[in-house]
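# Structural overview for review
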Amino acid sequence: MRHARRTLITLALAVAGAVVFLGGAVAVFYAALSPTDREAVSSIAARKGVILAMLALLMVLSLGVLIELLLRRYVIAARALVEEADIMLGPNPSRRVHPAGTPELRALAETVNRFAERHQELQEAVAERIKKAQADVEEEKNRLAALMSELAQGVVVCNTEGRILLYNSRAKHLLSEASLGGGGGGAAGAGGSTERSGAQASNEDEPVRSPLAGGLVGLGRSIFGVIDRGLILHGLENLEHLLQERETTLISQFVTTAPGDHLLRIQMAPVLVREHVVTGYVLTLEDMTRAIEFGGRRDALLQSLMETTRSSLASIRAAIENILEFPDMSVERRTRFSSIIRDEAVALSGRLDAGAAEFSEHVRAQWPLEDMRARDLISLIRRRIESAHAIRTRADEVDDALWLKIDSYSVARALSYLASRLSEECGVTEVGLRLGPGPRLAHLDMTWAGMNPRVETMQRWESEPVSLGEGTNPYSLREVAERHGGDVWHQVDPSDGTAYVRLLLPVTKPDPGWDLRVVRESRPEYYDFDLFHQPGQTPQLDEVPLRRLTYTVFDTETTGLHPSSGDEIISIGAIRIVNGRLLQSEVFDRLVDPRRPISPTSIDITGISPDMLVGQPSIDVVLPQFHRFAEETVLVAHNAAFDMRFLQLKEERTGVRFINPLLDTLLLSAVIHPNQEVHRLEMIAERLGVSLVGRHTALGDAILTGEAFLKMVPLLADKGIHTLRQAREAAEKTYYARVVY
């Protein structure tokens, strides 16, 4: 666009110059003629005026074409060469210049490519040295991240201002009900947590944020958004007191309630750089709800058993003492005392059985169900049976894609117990294992050949507590099946007479991640001039360097391309950038029921069909969740006016208004590369060396936009654009910013 404008200006100046030059030459020539010659020239000009005008127009057009060719071959080609070279020096060292223009410029381009090859080789050599030098540090960092991700307790590390510097997935899960109004973490219920990484850490400059309230677990966010500020300050005061008293154990702990009526026990330890100087604190979080409930019910059960047992034992003791004290009492009286002893003993036994059953229910309520590959479960059961009972095992092939949601310990232990009973009472020396998939429940079969127990015997084995060498557990094989929402039964295969016990277990699916789709045509490019003046932009925030800001990069997928005509959002995806890093674990990915048909074009582009949106929440639910996810950040989007228009049209209906400052990668690309004609997202990614994956899914496009934006920041700095205000003002001057949507 700038090239076309420059060409028109140059052509106009050239025409004006040519007209002035020719007019002056004609005037001088005409003035030098004699009166007779002037009359002759005037007569010829009058008769041949049309021909002369056409010749003049032809000359002007020829001049314009010549100027256009000169501009393309010398000026435009040279400027494009400079932009390509900047890309090679910055975000995409592997990119090479395409020779164009004059032979001299082509030769220069080839020389630039040779320099780029040498530059890339030197960069790779330096990067390899740095990589080797940082290997030990990276290994320690990975160990810390892996250790934290496996901890049963949640861990959060904060600075003295309460900003989160590090957290693990368990902490995010424990506090997730505070996130998004109880809607879960950032990723697809995913507890974004999609949990693609276990522990997240921030070790750069503290990101600058706008003065909005927090409420989510994330790097750079405030811990006061999820834990009461007064409790944190109370813990810090206790730590200060312990430091002053020179105590060796510097731990402060308290219990608080989390959303959903959960009880969290929080332990706080200081981070010290030198004696008595606190630079931050570590919080460990443990959900005590079940433990406290279980402890209370257990104590109540024990108290009840103690009281009733004491009463029964007192009655039994009194009856026995009477019998012993009066050995010559009448038969009738002795019978009455014996009946008392029997009745109290029976009642005592019943109460003990009832207490044991209730305690068993408490134990079963504590069983964790975790995702496990079916093949790994079969391997675990085989190892347990073979090592504990010296029984041979065999197993059929299991589909690698089959996953179960189970308590693997209780399942393996129960089947191992069943194998031991078959070995002891039926002489079975080998059992087989097979596992078949189902739509909701998979069937796990233990088979054997030889003696088949009676139905009553099998029912007894299925119902009695599991008793193995390491002790007895108060649950049975049938209770294990019921705990998993399944069933268990004994049957004989009529085809070959093989007996088997079938256990039904729930099927699950691991998180597949976002869909990777092929690159297709981008949607139309629009812009809204008013977006440069968002209410959330403040003078303080305007002067913050781009590298220090925290961003939410987002994208929407819609039923069509016309928001003002009733098209609706069907998906919102977003990812956060903190300290120049794209946080793959802090994502927002939601499908939305638009409550209207989806255009065939949208289905083809996004891959989202109407049946995928059945049962999904409406925009009234999802938009407030996204608003909380994006708080305290600068919004980034590609072709931002399109997405923002959909959000703006829902302000009155949802009561949610986005006032965050906004940057648009479409406009920033036009700032960085003004001589490039195309600024579609896929073309920007190709120029900057960003992989094109996940296009036309909301989360996939958000990630692609975020990666491209991070590549743009140093290129903007090369043009003297360092702050949010400078980036916004530069974008405001581009051609695209003048296309009002």
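Residues numbered from 1 in each chain as written. Predicted model: local features only at pLDDT ≥ 70, side-chain atom pairs only at ≥ 80, totals over all residues. Heavy atoms only, no water.

This part takes up the overall build of the chain. Within the chain, the secondary structure is distributed over 22 helices and 20 strands. Carbon and sulfur atoms form 56% of the exposed surface of the chain, whose accessible area is close to 38100 Å². (Helix = DSSP H or I, 4+ residues; strand = E, 2+ residues; numbered from the N terminus. Areas by Shrake-Rupley, 256 points an atom, 1.4 Å probe, with all protein chains shown as cover.)

The subject of this paragraph is the packing of helix H11 (residues 408-426) against helix H12 (residues 455-463). Packed helices, taken two at a time, are described by the angle their axes make and the gap between the axes. For the pair H11 and H12, the least separation of the axes is 10 Å and the interaxial angle reads 145 degrees. In the crossing of H11 with H12, the sense of the turn from one axis to the other is right-handed. Residue-level inspection shows Tyr417, Leu418, Arg421, Leu422, Glu425 and Cys426 of H11 in contact with H12, the latter providing Thr457, Met458, Arg460 and Trp461. In the contact of H11 with H12, the residues fall into 6 nonpolar, 1 polar and 3 charged. (Axes fitted to C-alpha atoms, helices over the stretch in contact; angles between N-to-C directions. Left-handed = near helix turned anticlockwise from the far one by under 90°. Contact = heavy atoms within 4.5 Å. Nonpolar A, V, L, I, M, F, W, Y, C, P; charged D, E, K, R; others polar.)

Turning to the side chain of arginine 421, a few remarks are in order. Structurally, arginine 421 can be placed in helix H11. If we ignore the near neighbours within four places in the chain, the residues touching arginine 421 are Cys426, Arg460, Trp461 and Glu464.

A few words now on the packing of helix H19 (residues 665-672) against helix H21 (residues 698-718). Contact geometry of H19 with H21 gives a least axis separation of 10 Å together with a crossing angle of 35 degrees. Along this stretch, H19 crosses H21, giving a crossing that reads as left-handed. Here H19 contributes Thr665, Leu668, Ser669, Val671 and Ile672 to the contact with H21, which in turn contributes Thr705, Phe709, Met712, Leu715 and Leu716. Here the residues of the contact of H19 with H21 sort into 7 nonpolar, 3 polar and no charged.

Of all the 8 residues making up helix H20 (residues 681-688), 6 are buried; the element is thus mostly covered by neighbouring parts of the structure. All buried positions along H20 are accounted for by Leu681, Glu682, Ile684, Ala685, Arg687 and Leu688. Of the residues one or two after H20, glycine 689 is the one with positive phi, at around 80 degrees. (Buried < 20%, exposed > 50% of the residue type's maximum accessible area, 1.4 Å probe, protein only.)

Looking now at helix H16 (residues 619-629). Every buried residue of H16 is accounted for by Ile619, Val622, Leu623, Gln625, Phe626 and Phe629. Taken around the axis of H16, the buried residues stretch over an arc of 165 degrees, which confines them to a single face. Lining the buried residues of H16 we find strand E16 (551-558), strand E17 (569-578), strand E18 (581-591), helix H17 (640-648) and helix H18 (651-654). (Arc of directions from axis to C-beta.)

Time to look at the pattern of salt bridges. Between side chains of opposite charge, a pair can form as their charged atoms come close. Applying the stated criterion across every chain, the model contains 23 salt bridges. A salt bridge links arginine 454 to glutamate 456, with the nearest nitrogen and oxygen atoms 3.7 Å apart. On the basis of relative accessible area, arginine 454 is assigned to the exposed category, the value being 61%. Glutamate 456 gets classed as partly exposed once you look at its relative accessible area, which sits at 48%. Because the salt bridges share partners, they merge into one network encompassing Arg421, Glu425, Arg460 and Glu464. (Salt bridge = Lys/Arg side-chain N within 4 Å of Asp/Glu carboxyl O.)

With 76% of its residues at a pLDDT of 70 or more, the chain shows a mean pLDDT of 77. Taken as a whole, residues 511-522 scores under 50 in pLDDT and shows 34 contacts with residues more than four places along the chain or in a different chain. Low pLDDT, under 50, characterises residues 525-529; the predicted model gives this stretch 24 contacts beyond four residues in sequence or across chains. (pLDDT = per-residue confidence, 0-100.)

Here we have 5 strands laid out as an open sheet, ordered E18-E17-E16-E19-E20, and mixed in their pairing. Two strands lie at the open edges of the sheet, namely E18 and strand E20 (662-664), each paired on one side alone. Going across the sheet, the axis of each strand differs from the next one's by a mean of 25 degrees, ignoring polarity. For E17 and E18, the ladder comprises 8 bridges, and the chain directions are antiparallel. (Pairing = 2+ DSSP bridges.)

On to the nonpolar core, then. Within the largest apolar cluster, 40 residues are counted, with the highest numbers of intra-cluster contacts made by Leu377, Ile381, Val411, Leu444 and Met446. Put simply, the parts of the chain that give this core at least two residues each are helix H10 (374-389), strand E9 (403-406), H11, strand E10 (430-436), strand E11 (441-448), H12, helix H13 (477-483) and strand E15 (499-508). Residues in contact with isoleucine 381, not counting those within four places in the same chain, are Val411, Ala412, Leu415, Leu433 and Leu444. (Core = buried A, V, L, I, M, F, W, Y, C linked by side-chain atoms within 4.5 Å.)

Turning next to the pairing of E15. When you tally the buried positions in E15, you get 9 out of 10 residues, the bulk of the element. Pairing between E9 and E15: 2 bridges, direction antiparallel. Each bridged residue has a counterpart across the sheet, and for leucine 404 the counterpart in E15 is valine 507. Where E11 lies against E15, 8 bridges are found, and the strand directions are antiparallel. Following the sheet pairing, threonine 447 is matched in E15 by tyrosine 500. The pairing of strand E14 (residues 488-492) with E15 spans 5 bridges and is classified as antiparallel. Note on E15: the bridge partner recorded for valine 488 is leucine 503. Between E14 and E15, which pair antiparallel in sequence order, lie 6 residues; one of them, glycine 497, sits at a positive phi of approximately 75 degrees.

Another point: unusual backbone geometry. The phi dihedral of asparagine 579 falls on the positive side, at around 55 degrees, and the residue is not glycine. Relative to the helices and strands, asparagine 579 resides in the loop between E17 and E18. Positive phi, normally seen in glycine, also occurs at glutamate 632, with a value near 65 degrees. For glutamate 632, the location among the structural elements is in the loop between H16 and strand E19 (634-637).

Turning our attention to the environment of isoleucine 320. Relative to the elements of secondary structure, isoleucine 320 occurs in helix H8 (residues 289-325). In this structure isoleucine 320 comes out as partly exposed when scored by relative accessible area, which is 37%. Taking C-alpha positions, isoleucine 320 is 7.7 Å from isoleucine 341, a pair spaced 21 residues apart along the chain.

A separate point is the packing of aromatic side chains. If you walk through the whole model with that rule in mind, you get 6 aromatic pairs. Between the aromatic rings of phenylalanine 626 and phenylalanine 658, the centroid separation amounts to 5.5 Å while the plane-to-plane angle is 35 degrees, which identifies the pairing as tilted. In this pair, phenylalanine 626 is assigned in helix H16 and phenylalanine 658 in the loop between H18 and E20, connecting sequence segments 32 residues apart. Phenylalanine 658 gets classed as buried once you look at its relative accessible area, which sits at 5%. Each residue in the set Phe554, Phe588, Phe626, Phe629 and Phe658 is aromatic and connected to the rest through ring pairs, giving one cluster. The ring of phenylalanine 629 carries arginine 221 above its face, with NZ or CZ at 5.9 Å from the centroid. Residue placement shows arginine 333 over the ring face of phenylalanine 326; its charged tip is 5.7 Å from the ring centre. (Phe/Tyr/Trp six-rings, centres within 6.5 Å; stacked < 30°, edge-to-face > 60°. Lys NZ or Arg CZ within 6 Å of the ring centre and 35° of its normal.)

This part takes up the environment of glycine 220. For glycine 220, the location among the structural elements is in the loop between strand E3 (199-201) and helix H7 (229-244). On the accessibility criterion, glycine 220 (3% relative accessible area) is buried. Note: C-alpha distance between glycine 220 and glutamate 632 (412 residues apart in sequence) is 9.7 Å.

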